[in-house]
Amino acid sequence: MILADRLLAFLHDRVGFDVTRWSIVRIAAFAVAALVVAGIVVEPRPGQRDDQALATRQVRNVSLAFGDPRGFDPTPKGKNFKVAWIGGSETQAVGPKTRAFIPGLVSERMGRVDGKVVSTDLYYLDAIRLVDEVSALSSALASKPDLVVISLNPVWVLNDLAPQQWDYLDGALARGSLWPPSRWVLAASFLSPGDVGWRVLSAASPPLVGDRFEWGLDLTEQTSTLSFLDVVQTPKSRATGLAALAERRPVDFWASRFASSRPTKDLASIQLNTIEREVVSRSSLNTAALQQMFEMVRTAGVPTYFYVHGINPTVYAQPDARGYVDQLRAQLAAATAGQTTSRVRFDPQGLQDRVPPTKYRDIVHVYDGRNEAAVLSTDLCALLRSTGRQADCEAP
Amino acid sequence: MSDTPTPEAPDTDLVDDGGSETAVPTGGSGRATRLASRLAVELAIGLGIAAVLVVVAWASSNAIRFVYGGY
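Residues numbered from 1 in each chain as written. Chains lettered and ligands numbered in written order. Predicted model: local features only at pLDDT ≥ 70, side-chain atom pairs only at ≥ 80, totals over all residues.

1. Re the overall build of chain A
Piece 1. Tallying secondary structure elements over chain A gives 15 helices and nine strands in all.
Piece 2. Expressed as a percentage of its 396 residues, the buried residues of chain A come to 45%.
Piece 3. For chain A, restricting intrachain contacts to residue pairs at least 6 apart in sequence, the fraction spanning at least 24 positions comes to 77%. (Helix = DSSP H or I, 4+ residues; strand = E, 2+ residues; numbered from the N terminus. Buried ≥ 20, exposed ≤ 12 C-beta atoms within 10 Å, placed from the backbone. Contact = placed C-beta atoms within 7 Å.)

Written out as structure tokens, the structure reads:
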């Protein structure tokens, strides 16, 4: 304010300019007009889709790079049978024999639907938060899919630690949160005034403000070496992907505050501890997110299939783990009571016990996803046929 | 003070009365000059605010290639 006062005093002395309420309105109008005009003149800077390694011609990850507040870049509708599949790392099958997204294996089994090739947009993030799945669903529904599939990771789905992972996609919740009032719970919990402000300015000037992540990358690159301080060189981490995530994610701080019944450093046991934390947390926030997703797909009228991925059968055989999964099923059943319809399906049982035992890398990541794909394609084809669709649904 | 500007009489100029714009008698060419000057200053401030918003947007863009632990 002091700077503004000095500027106004300077303008008053030099050119006799005095501020009135109407001059403030005109200044705001000039600023918005400048952003709009500049947005028309400047070339858009589309984001880079992340993690192309497992993509195929018919299945691609439409998530943008971590940190990009635009979040997702769905493909145009086209003439294909379009599937929007939302999930986290449990949707990968990365083993010695198979390297694929499980949705890709499913689409191979589904073949054609109504004579159309199945084309899948995968909204994928490592350790995706349930609220990010809400954002992804909002983006997916805007792209007019023919079918929506939503994977719920048993480790994170109702875990109250999950929202602590990151916050760069919180602003995406602004889309469609105005009505009905049931969506205000998440909006009020996650949206800041800044998030809403950037969304509004992004709409006014998409290439300049909306694409600010790409501009920011350039700015960071050009200014990262500028410093008045001595720069200390530190060895860079060689970790990538999930390993890099596991090294630095803020949620681990909160997880470390939880005194588990089995202190351990083994990854599978850490994940089991996370499930233990989940079933005792009884997060109402994640329940609200889950219910909002059901409301969104019911309103959109798109056939939708929710499922819970299984956990490692070896771990599931332990009484503790089985107990946690049973409690999670009960909590999910309570959270989704009355939310399903003939077109919006969810079975809290999940894939556990329905998929023949297979090898896991840890507690939730499979090496070979073909068994999961077989069960999922059977369920999806049954859903499609019940809605009058003609699906091939033959194994490749 | 009023939020509603007072209707202007012929050959008047806008001046500040602490909040609203009111009119006082003056010459026509002087009025046009002062109005142009006022609009020019307001345009310059508006463009400056737009430029600042853009720079702040870029600088607060989460543009770190791997964001975990960056905050």
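2. Brief notes about helix H2 (residues 21-41) of chain A
Piece 1. For H2 of chain A, with 21 residues, the first-to-last C-alpha span of 31 Å sits near the 30 Å given by 1.5 Å per residue.
Piece 2. Buried within H2 of chain A are the following residues: Ile27, Phe30, Ala31, Ala34, Leu35 and Gly39 of chain A. Taken around the axis of H2 of chain A, the buried residues stretch over an arc of 165°, which confines them to a single face. Turned more than 90 degrees away from the buried face of H2 of chain A, the exposed residues are Val25, Val37 and Ile40 of chain A.
Piece 3. If you follow the buried residues of H2 of chain A, they end up packed against helix H6 (193-204) and helix H7 (206-210) of chain A together with helix H1 (28-59) of chain B. (Expected span 1.5 Å × (residues − 1). Arc of directions from axis to C-beta.)

3. Quick look at the pairing of strand S7 (residues 147-152) of chain A
In summary, the side chains of a regular strand alternate between the two faces of the sheet.
Residue and element names in this part refer to chain A.
Piece 1. For S7, the buried fraction is high: six of the six residues fall into the buried class.
Piece 2. Residues Leu147, Val149 and Ser151 of S7 are buried on one face, and the alternating residues Val148, Ile150 and Leu152, pointing to the opposite face, are buried as well.
Piece 3. Bridge count between strand S2 (residues 81-87) and S7: four bridges; the pairing is parallel. For Val83, the partnering residue across the bridge sits in S7 and is Leu147.
Piece 4. In this sheet, strand S8 (residues 304-308) lies alongside S7 in parallel orientation, the contact comprising five bridges. Paired with Val148 across the bridge in S8 is Thr304. (Pairing = 2+ DSSP bridges.)

4. A look at the domain arrangement of chain A
Residues and elements named next belong to chain A.
Piece 1. Segmenting chain A into domains produces domain 1 (2-41) and domain 2 (59-213 + 242-386).
Piece 2. Look at where the C-alpha atoms of domain 1 and domain 2 centre, and you get two points 46 Å apart.
Piece 3. In this assembly, five residues from domain 1 lie in contact with seven residues from domain 2.
Piece 4. In terms of residue class, the side of domain 1 that touches domain 2 is built from four nonpolar, one polar and no charged. (Domains from an automatic or database assignment. Nonpolar A, V, L, I, M, F, W, Y, C, P; charged D, E, K, R; others polar.)

5. Some remarks on the pairing of S8 of chain A
Residue and element names in this part refer to chain A.
Piece 1. Extensive coverage of S8 is indicated by the burial of five of its five residues.
Piece 2. Because side chains alternate across S8, one face comprises the buried residues Thr304, Phe306 and Val308, and the other comprises Tyr305 and Tyr307, equally buried.
Piece 3. Summarising the sheet, S8 and strand S9 (residues 344-346) pair through three bridges and their orientation is parallel. The residue bridging Phe306 from the neighbouring strand is Phe346, located in S9.

6. What to know about the nonpolar core
Piece 1. Core analysis: the largest hydrophobic core is formed by 90 residues, its most contacted members being Tyr123, Met293 and Leu380 of chain A.
Piece 2. With 17 residues, the next largest nonpolar core counts Ile27, Phe30, Ala31 and Ala204 of chain A among its residues. (Core = buried A, V, L, I, M, F, W, Y, C linked by C-beta atoms within 7 Å.)

7. Section: unusual backbone geometry
Residues and elements named next belong to chain A.
Piece 1. Of note, the amide linkage connecting Trp179 to Pro180 takes the cis form, showing an omega dihedral of 0°.
Piece 2. Even without being glycine, Ala127 reaches a positive phi, approximately 55°.
Piece 3. Considering the arrangement of structural elements, one finds Ala127 in the loop between strand S6 (116-124) and helix H4 (130-142).
Piece 4. Take Ala127: there are 20 C-beta atoms within 10 Å of it, and that puts it in the buried class.
Piece 5. With a phi angle near 75°, Asp353 is a residue other than glycine that sits in the positive phi range.
Piece 6. One can find Asp353 in the loop between S9 and helix H15 (370-386).

8. What about the environment of Tyr307 of chain A?
Residues and elements named next belong to chain A.
Piece 1. Secondary-structure assignment places Tyr307 in strand S8.
Piece 2. Classification of Tyr307 as buried rests on a count of 23 C-beta atoms within 10 Å.
Piece 3. For Tyr307 and Glu372, which are 65 residues apart along the polypeptide, the C-alpha to C-alpha distance reads 11 Å.
Piece 4. Aside from chain neighbours lying at most four places away, what touches Tyr307 is Ser151, Leu152, Gly350, Leu351 and Leu376.

9. Here we look at the packing of H4 of chain A against helix H12 (residues 284-300) of chain A
Residue and element names in this part refer to chain A.
Piece 1. Running from amino to carboxyl end, H4 crosses H12 at an angle of 10°, the nearest separation of the two axes being 9 Å. Classified by the interaxial angle, the pair formed by H4 and H12 is roughly parallel. Handedness of the crossing formed by H4 with H12: left-handed. Every residue of H12 that contacts H4 at Leu130, Val131, Glu133, Val134, Leu137 and Leu141 is listed here: Asn286, Ala289, Leu290, Gln292, Met293, Met296 and Ala300.
Piece 2. Residues that form the contact of H4 with H12 fall into these classes: 10 nonpolar, two polar and one charged. (Axes fitted to C-alpha atoms, helices over the stretch in contact; angles between N-to-C directions. Parallel < 35°, antiparallel > 145°, perpendicular 65-115°, else oblique. Left-handed = near helix turned anticlockwise from the far one by under 90°.)

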